[in-house]
Amino acid sequence: MTDLTPTPDRPGLHVSKPSSNAPATGSAVCHCGATATATGDSQVKALVEGYTANHGPAHRNGGGRR
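Note that the structure is a prediction, hence the values are computed from the model and not measured.

Visitor: Help me understand the environment of Pro6, please; the structure alone is not making it clear to me.
Guide: With respect to the secondary-structure elements, Pro6 resides in the segment before β1 (12-16). The spatial distance from the C-alpha of Pro6 to the C-alpha of Val29 is 5.7 Å, given a sequence separation of 23 residues. The residues touching Pro6, leaving out its near neighbours within four places in the chain, are Pro11, Gly12, Leu13, His14, Ser27, Ala28 and Val29.

The following block contains the structure:
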């Protein structure tokens, strides 16, 4: 399987939750240089919401930080 972890060369968002008993983990890298990681279901949810609102798709829609 391919490594899906985002990098500066391949920005994006990656979330993993191997089982219902394991905590979720997430990492994000934006083309603007911002990076973040999170562990735990609620922290990963906040990471996804923040990345979506302020990076990644937000940059394409004219919103978020530049």
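Visitor: Just checking my understanding: could you explain helix α1 (residues 41-54) for this structure?
Guide: Residues lying three or four places apart along an α-helix face the same way, a consequence of the helix completing one turn every 3.6 residues. The terminal C-alpha atoms of α1 lie 20 Å apart, and with 14 residues this matches the ideal 20 Å at 1.5 Å per residue to within 8%. Those residues of α1 that fall on the buried side of the exposure criterion are Val44, Leu47 and Tyr51. For α1, the angular spread of the buried residues around the axis is 55 degrees, confining them to a single face. Structural note: α1 exposes Ser42 and Lys45 on the side pointing more than 90 degrees away from its buried face.

Visitor: Before we go on, may I ask you to explain the pairing of strand β3 (residues 35-39) in this structure?
Guide: Every other side chain in a regular strand lies on the same face of the sheet, so the side chains alternate between the two faces. Summarising the sheet, strand β2 (residues 25-29) and β3 pair through five bridges and their orientation is antiparallel. Within β3, the residue paired with Ala28 across the bridge is Ala36.

Visitor: Where do I start with the state of the cysteines in this structure?
Guide: As used in these notes, a disulfide is a covalent bond between sulfur atoms, one from each of two cysteines. The tally for this structure, following the rule as stated, stands at zero disulfides. No disulfide involves Cys30; its nearest neighbouring cysteine sulfur is the one of Cys32, lying 3.6 Å away. Accessibility expressed as a relative area gives 3% for Cys30, which makes it buried.

About the criteria used
Just so you know, the residues in each chain are numbered from 1, in the order the chain's sequence is written. The predicted nature of this model means local features are confined to residues of pLDDT at least 70 and side-chain atom pairs, given and counted, to a pLDDT of 80 or more, with totals for whole chains, interfaces and linings taken over all residues. Hydrogen atoms and water are omitted, and side-chain values are computed over all heavy atoms in the structure. By the criteria applied, helices consist of DSSP H or I runs no shorter than four residues and strands consist of E runs no shorter than two, each listed in order from the N terminus. Throughout, a residue-residue contact means that at least one pair of heavy atoms, one from each residue, lies within 4.5 Å. Multiply 1.5 Å by the residue count of a helix minus one, and that product is the helix's expected span. Residue burial is assigned from relative accessible area. The probe radius is 1.4 Å, only protein chains are included, and a residue is buried under 20% of its type maximum, exposed over 50%, and partly exposed in between. Of all possible arcs, the one meant is that of the directions from the helix axis to the C-beta atoms. At least two DSSP bridges between two strands are needed for those strands to be called paired. When two cysteine sulfur atoms are found within 2.5 Å, that pair is recorded as a disulfide.

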